[in-house]
Structures are given as structure tokens and as C-alpha cells.
Amino acid sequence: MPTEEKTSYSYLEAIGAALAHELDNNDDFFLIGEDVGAFGGPFKVTKGFLEKYGPRRIIDSPIAETGMAGLAAGAALAGLRPMVEFQFADFISCAFDPIINTIARHHWRTGDAMPIVLRAPFGGRLRAGPTHSQSMETYFAHVPGLKIVMPGTAEDAAGLLIASIRDNNPVMFFENKYLYRRLSAQGSPSFEPIELGKANVVREGTDITVVTYSAGVHQAVEAAEELAKDGISVEVVDLRTIKPLDIETVAASVKKTSRAVVLHEAAEFMGMGAEIAAEIQKEAFWYLDQPVERIAAKNTPTPTSPPLEDAVIPQQPEITETIRKVAKA
Amino acid sequence: MATRKRTSTAPEKDSTKPSTLAPPVEKNLSAEVLAALDITDTSMNPPASLEGRDHELLKKLYDGVVKARAFEDRMHSMYRAGDLLGSYYSGNWHEAISVGTMAAMEERDYYCPLHRDVGGHLMRGMPPEQIMGSFMGKSIAPTGGRDGTLHYGRLDLNTYNPPSHIPANYPVATGMAFAAKYRGEDRVAVAICGDGSTSRADFHESVNIAGAMQLPAVFQVQNNQIAMGTKLSMQTNSGSFVIKAAAYGIPGIKCDGTDVIAVYDAMKEAIDRARSGGGPTIVEAVTMRMHGHAEHDGAEYVDPALKEEWGKRDPVELYEKRLIEAGVISEEEAAETREAARKWAIAARKIAITAPMPDPTNIEEGVYAD
């Protein structure tokens, strides 16, 4: 957590600070997960939490993802605000059943609120191989009743997390573990909640729109700066929330630029790019000068070895050149 | 890279070498494990004595099993009459378990039952026409027709409506028990599943978590000899479900599920222990499934001898006979109670049948809570 002397904070510190802020202010809010206590979580997001909040609120779970997610459902129905931390997003597969069948549809079936946050570090670039590098958002985007939040900046991380904790619905909060210690922001985190379901135009431009989220935001901005040297003006839209999807902001941007590329780290087939491209064509077809292009991971599992992983996950030259190609076509 | 070929990793067989299998490891159980083996089996005992029992409770149990049976009878006839959308999951021979369990609970306790627990739901206050409506897709069903059949709990009655993935109610009950402990509330969560459910991760993970956290939960297994078409011997080699408690370091009680008093006693002991901070218990109640898995299933695969043997142990008839013999109720009172229950179930059917179907215009609303 940031100390008073610090003038900047990381994406990871923003998440830790938001958790502490809510733990301080709401006794109904608790955190359960594998090794979140004495160990401080696999990435040390909750370092020091056990000492500060005690074992009543910071709970080391047995290795039981199904049991934990189901426990959260029962606790939420009994009036608490549970947060489940999954060590790696890859392990959420073990809790697929309670998330889909117990948690996601309970409100629609009964009218009872199900305020749960399921937090998980996801994504590649850490050379962690096919079962520690997955992007899970589209597995769950298909399920009615879930909200899916994927912050891309240290500035957004705390506000989106606080909004997720205070939401009366189940929220899946995917943290890009590559960004944890690589991103920083000035000052200290703001605890003002950021409305879920609202995209953010992080860079304005007039020639082409890049729709992206999570780590893709930084790749898109870097490409935009590179292309600006050639006189190509790129607008970057950070979705922030995958579901609900803010197609209004995306469509407004595309109506302005007439061209669009969707960029994400998950595999291309049936990925968010497919949905967003279809929505753009529904909302802004007559404004488009070119077909919507997708930049995404290859349709393979994520490999371990650096040259192999780099060949699968979108890299900067490919991103820049694809945007240039669509902008100039 | 060339396509890799699949190669066998099996070593060449060399019959001249001795077996490398290690000799069996001696099973040394620690003193803690031995001390934790707290298993009681009353399932083969003669019927629990009525002596010294509170007559109010005995009559409450009788009223419960009679109403449950009347409801079951009505649902069987409604299925045959084509009143229901799909099938019906009969609770015949489970009445004593449901009713004994609910009688041992307080109203504030959480009830997370499964499909053969109509008796418990009725006792908790679920209107019978709402349960019928759930099997008919009617607007009066607790989910208003969005979900159906056996998925009919109500949070305002502290009852949970489980999804189809049994025993998905087990982890939920663990969470409710967790919340009670977290807030220092005097509440216990009771979760119920069948013998087949014990093979799933939900069962193991929940009971294990509840044991590790010493949560105020009771996990009941209704052993009715068969899970759809899979008999016990194919479900597990453990033979009994109560002994699984030992592996989680919690107590277990096995009782006769056709004896409502025996079920009440077992559940009361487990619930009292949970309420006083003694942690969870597994209660196994043994009965027989006298109908198919659901009404569309003729259950030809069931050993007729098994059905004949258990057929003599009707939990409602047996209990009624005992109450009359002990002078708790008269034959006339019994006949009146049964007739009143029959009329009550018929009246509920009328309400359910005349209730409107739900309005589809708002189907996209309510996916998210405000």
C-alpha cells in the first residue's frame, strides 16, 4: 500500500489500497482466497492484510474453488459482501458451475441480490505457459447476470474495484498480472467509484478508432504515438467493462473516425472483437469506410517459451502496422 | 517444426525383474484422527421410544408427514392427469426425513434442501400451491415461472432454491453458515443431498471447508439406495456415507430415515452441536426410493426384493400406528387428519390450476439487480 511519502502508486498498489479502503469502511465485506492471508496472495496484493484485519475477514481458503465460490453465494444471500480471490484466472474453471448456475442467474430467478466480486489475475507475457496465462473474459461474457470488469490503468483500478464491491451483482474483476508492477500513476489512488459499463476515451483522434481494454490500452496508445509521427490520428477507447458493454461510446467514436480496429489479448475466435465488430456494424455501418479489423491472440493455447509466446500474443509492430493498414486503406 | 508423433512411454516388459511395487504401507492413524472418529449408527435400532416425548412435537411430526404424503399423492395424480410441465420427483418414503429435519430446526435456520424435501418446505410455510405452480410454470411459483420444477426456495422463508447441479446447495449452505458465524448470529444451515451427490466435488469441498472453519452447518445425506439408475455399489466403495465424516474430522450420525423420531433425534443432536459452536456433522438417513427417479421413470432396474422389503416400512403408516398404540392420537383423529390433508392438497391443486401463466413481456428485465 502506498505510504505518505510516496508520490506514485502501481496498478497492484491501487488494487490493494481499494481493498483496504472497503475493508475499513464496511464490516460486511470480507476476502476469501487461497493464500490471501499470511502469504499475502500470490502477487502480494494482500500483504499485511491478515495482521491488520485478522482471520475473520481475510480468510485462507482450502484449495477448493467450487467450495469458495459457492460459499460466497451463500454468504451473499445471508447479507454479506464476499470477495473471492482466485490465485490465477486459469483456476476459475474449477468454479465454473457455481459461477454460472448458482451465482449468475440467482437474481433473475428470485429477485434476491447476489453481491459478490470474483477477482483474478489473468493474461500472458509472464512466460507462464498454457494454464497460467489465459484470458477468461469471453467464457463468462456469454452468461447473463455477470458483470465483467477489466481495468487497464493504475488510475482506474481502484475506482473500478470499489464500484464492483458496492455493486449488488456478481462482478468478475480481471487484473492483468503483467501490469501489476509495470504501471504507475502519480499521487495516490482515488477511491471515487467509477461507474461500471462506461467506456473511457483515453486518447482522442480523428482517423481511426482502436477499441481495447486492459493491457491493450497501452499497446494502442503506443501505436497511436508512433502513427502520429506519420500524421495518422488514432482515437483509443478503453472499454473498462466488458459487460455491460458500452457500445454507445464505441459507436460515437467510429461515427467520428469511420474506421475501427479491435485489439485484445484473448484468442481471436469468438473473442470480444467478434462481438464488438458486429455491434459496430449494427450501430455505425453507413459511417464505415473499411471493414472492422481484429488484432488478437492466435487461436492456440498460450505457450511458455518467449519466442513462442510472443508469436501468439499481439506484439507492438503487428499492432501498429495493422492500425496503419486500416487507417490508410 | 515437424509434427510430433505420439510415441509409447510404456517400458519394455522384462519378466526377469522382480516387481517394483512397494509393500503396503502400514496405516498408522494418529491419536487425533482416532479421537475424531465420532460416528454413531442408530439405523438398525428398533423404532425410537415415544416415552417421555412432548405430545405437541409428536403431533406436529404426524401432521407434517401426513401433509407431505397427501401432497405427494396429489402430485402423482397431477402428473398422470397431465397437469405438470415435466415430471415430478417423488418424495415417497422421504417424508419422515424432511419432516423430522424441519422439526429439529428453528425458523431462523437456513434450509438448503433438495428435490424430495416437500415435507420440510411445507412445514416451513411454503404454500402448497406455490410448489405445484413451480411444476406448472405458473406465475404463483416462487420464481414466477422463470425457473421450474423443484427449484422453489424463498429467501424470506430462509429456504434456498437450488439449481439442478446437485449438490450445488452444499457450498451455498456453507456460505450461510459462514455468514452466521461471521456476524455472531445464532443460526444453523442445513444442507441436504442424496447418495449420488456425495461423489461430486461440491460435497467434498463444502464439508471439508465447514470442518476446517468449524461452521454451524449440518450436512444430511438421504441414502435412498439408488441415484437415478446407479446403485450404491457403483456409486462408491465406502458402503456408507456417515463414515466419510471421519475423513473431515467431524462427527457423523446414521439413522433410520423411515422413523421420523429417529431422524428428529439425529438432526436435533447435530443442529444443537452446530448451534453451540461444535461445528458441522454429517447425518445419513437411510430410506428407499419407492418411485422412479422422476415419474416418467418406471424404475424397472430396481431389485424387486429391495422394494418389497422397504415397502413394509412406510414412514407415515408406521408412525401413525405407533402414535395410536401409544395413545397419543386416536384412530378417529388419525382419519380426520388424513382427510383434512387430502382436502388441503385438493384445494391447493385448484388454486394452482386456475393461477395465470406468467407474462412474457418483462422477460429481459431483472437480469441485474439495481
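The structure displayed is predicted, hence computed values, not measured ones.

Trainee: Please explain unusual backbone geometry as it appears in this structure.
Mentor: Along the chain, Lys243 of chain A connects to Pro244 of chain A via a cis peptide bond; the corresponding omega equals 0 degrees. Cis geometry marks the peptide bond from Ile166 of chain B to Pro167 of chain B; its omega dihedral reads -5 degrees. Within the secondary structure, Pro167 of chain B sits in the loop between α5 (128–134) and α6 (169–183).

Trainee: Looking at this structure, I do not really get a negative patch on the surface. What am I missing?
Mentor: Judged by side-chain charge, Glu331, Glu332, Glu333 and Glu336 of chain B come together as a negatively charged surface patch. Relative to the helices and strands, Glu336 of chain B resides in helix α13 (residues 331–354).

Trainee: What am I meant to see in the pairing of strand β8 (residues 281–286) of chain B here?
Mentor: On a regular strand, one side chain projects to one face of the sheet and the next to the other, so that they alternate. Residue and element names in this part refer to chain B. For β8, the tally of buried residues reaches six of six residues, placing the bulk of the element in the interior. Side chains of β8 alternate between two faces, with Thr281, Val283 and Ala285 and Ile282, Glu284 and Val286 buried alike. Bridge count for strand β4 (residues 217–223) against β8 is six bridges, and the pairing is parallel. Of the residues in β8, the one forming a bridge with Val218 is Thr281. Relative to β8, strand β7 (residues 252–256) is paired through five bridges, and the arrangement is parallel. Within β8, the position partnered with Cys255 by the bridge is Ala285. With respect to chirality, the unit in which β7 leads through helix α10 (residues 260–275) into the neighbouring parallel β8 is right-handed.

Trainee: What is the right way to look at the UniProt feature "domain: Transketolase-like pyrimidine-binding" (unreviewed entry) in chain A in this model?
Mentor: UniProt tags residues 9–182 of chain A as "domain: Transketolase-like pyrimidine-binding" (unreviewed entry). Measuring from the first to the last C-alpha atom of residues 9–182 of chain A gives 10 Å, for a span that is 37% helix and 17% strand.

Trainee: Where do I start with the side chain of Gln130 of chain B in this structure?
Mentor: Tracing the backbone through its elements, the reader meets Gln130 of chain B in helix α5. Not counting residues up to four positions away in its chain, the partners in contact with Gln130 of chain B are Ile140, Ala141, Pro142 and Arg154 of chain B.

Trainee: Please clarify how the interface of chain B and chain A should be interpreted in this entry.
Mentor: With 35 residues of chain B at the contact, the number on the chain A side is 40 residues. Taken together, the two surfaces of chain B and chain A that pack against each other cover about 3200 Å², and 61% of this comes from carbon and sulfur. Looking at the side of chain B facing chain A, the largest losses of area belong to Tyr182, Arg183 and Tyr368 of chain B, adding up to 23% of the total buried there. At the surface where chain B touches chain A, the tally comes to three salt bridges. A salt bridge links Asp97 of chain A to Arg200 of chain B; the shortest N-O distance between them is 3.6 Å. Seen at the junction of chain B and chain A, the total is 21 residue pairs in polar contact (both at pLDDT 80 or more). Residue assignment for the side of chain B that touches chain A shows that the elements contributing at least two residues are α6 and α7 (201–213) of chain B. Ranked by residue count, the leading element in the side of chain B that touches chain A is α6 of chain B, at nine residues.

Trainee: Mind showing me how you'd approach the sheet that holds strand β10 (residues 208–212) of chain A here?
Mentor: Strand pairing in a sheet is mediated by backbone hydrogen bonds. Such pairs are either parallel or antiparallel. All names here are of chain A. Taken together, five strands build an open sheet; the order of strands is β9-β11-β10-β13-β14 and the sheet is mixed. One side of each edge strand has no neighbouring strand; the edge strands of this open sheet are β9 (200–203) and β14 (293–297). Each strand of the sheet is rotated relative to its neighbour by a mean of 25 degrees, with strand direction disregarded. Here β9 pairs with strand β11 (residues 234–238) via three bridges, running antiparallel. Pairing of Val201 across the sheet is with Val237, part of β11. In the packing of helix α9 (residues 247–257) onto the sheet, contacts are made with β9, β10, β11 and β13 (260–267), and the angle to β11 comes to roughly 175 degrees.

Trainee: What exactly am I supposed to notice about the UniProt feature "domain: Dehydrogenase E1 component" (unreviewed entry) in chain B here?
Mentor: Within this numbering scheme, the UniProt entry marks residues 68–360 of chain B as carrying the feature "domain: Dehydrogenase E1 component" (unreviewed entry). Secondary structure across residues 68–360 of chain B divides into 45% helix and 11% strand, with the first and last C-alpha atoms of the span separated by 32 Å.

Trainee: Is there a simple way to explain the packing of helix α1 (residues 11–25) of chain A against helix α7 (residues 154–166) of chain A in this structure?
Mentor: To describe two helices that pack against each other, one gives the angle between their axes and the distance between the axes. All names here are of chain A. Here α1 crosses α7 at 30 degrees, and the two axes come no closer than 8 Å. The orientation of α1 relative to α7 falls into the category roughly parallel. Along this stretch, α1 crosses α7, giving a crossing that reads as right-handed. Contact residues: α1 offers Tyr11, Ala14, Ile15, Ala18, Leu19, His21 and Glu22, while α7 offers Ala154, Ala157, Ala158, Leu161, Ile162, Ile165 and Arg166. Looking at the contact of α1 with α7, its residues break down into eleven nonpolar, one polar and two charged.

Trainee: I would appreciate a short explanation of helix α12 (residues 316–328) of chain A in the present structure.
Mentor: Side chains of residues three or four places apart in an α-helix project in the same direction, reflecting 3.6 residues per turn. Residue and element names in this part refer to chain A. With 13 residues, α12 extends 18 Å from end C-alpha to end C-alpha; this agrees with the ideal 18 Å at 1.5 Å per step. Among the residues making up α12, those that are buried are Gln316, Ile319, Thr320, Thr322, Ile323, Arg324, Val326 and Ala327. Among the structural elements, β10, α8 (216–228), β11, β13 and β14 are those in contact with the buried residues of α12.

Trainee: Would you mind going over the pattern of salt bridges with me for this structure?
Mentor: Pairs may arise between side chains of opposite charge once their charged atoms sit close together. Within the structure shown, the criterion is met by 42 salt bridges over all chains. For Glu22 of chain A, the salt bridge is made with Arg166 of chain A, and the minimal N-O distance between the two is 2.9 Å. Taken together, the residues Glu22 of chain A in helix α1 and Arg166 of chain A in helix α7 connect sequence positions 144 residues apart. Overall, Glu22 of chain A belongs to the buried group, its relative accessible area being 4%. The class of Arg166 of chain A is partly exposed, set by a relative accessible area of 43%. Among the ionic pairs, Asp83 of chain B bridges to Arg349 of chain B, the shortest N-O distance being 2.8 Å. Taken together, the positions of Asp83 of chain B in the loop between α2 (55–80) and α3 (95–103) and Arg349 of chain B in helix α13 put the pair 266 residues apart, joining distant regions of the chain.

Analysis parameters
- Residues numbered from 1 in each chain as written.
- Chains lettered and ligands numbered in written order.
- Predicted model: local features only at pLDDT ≥ 70, side-chain atom pairs only at ≥ 80, totals over all residues.
- Heavy atoms only, no water.
- Helix = DSSP H or I, 4+ residues; strand = E, 2+ residues; numbered from the N terminus.
- Patch = residues over 30% accessible without salt bridge, like charges linked within 9 Å, V, L, I, M, F, W, Y side chains within 5 Å.
- Areas by Shrake-Rupley, 256 points an atom, 1.4 Å probe, with all protein chains shown as cover.
- Salt bridge = Lys/Arg side-chain N within 4 Å of Asp/Glu carboxyl O.
- Lys, Arg positive; Asp, Glu negative; His and termini not counted.
- Charge placed at Lys NZ, Arg CZ, Asp CG, Glu CD.
- Buried < 20%, exposed > 50% of the residue type's maximum accessible area, 1.4 Å probe, protein only.
- Pairing = 2+ DSSP bridges.
- Right-handed = clockwise from strand over helix to strand, strands pointing away.
- UniProt positions renumbered as here; feature names shortened; annotations may be inferred.
- Contact = heavy atoms within 4.5 Å.
- Buried area = accessible area lost by both parts, 1.4 Å probe.
- Polar contact = N/O pair within 3.5 Å; in protein donor to acceptor, adjacent residues only side chain to side chain.
- Axes fitted to C-alpha atoms, helices over the stretch in contact; angles between N-to-C directions.
- Parallel < 35°, antiparallel > 145°, perpendicular 65-115°, else oblique.
- Left-handed = near helix turned anticlockwise from the far one by under 90°.
- Nonpolar A, V, L, I, M, F, W, Y, C, P; charged D, E, K, R; others polar.
- Expected span 1.5 Å × (residues − 1).

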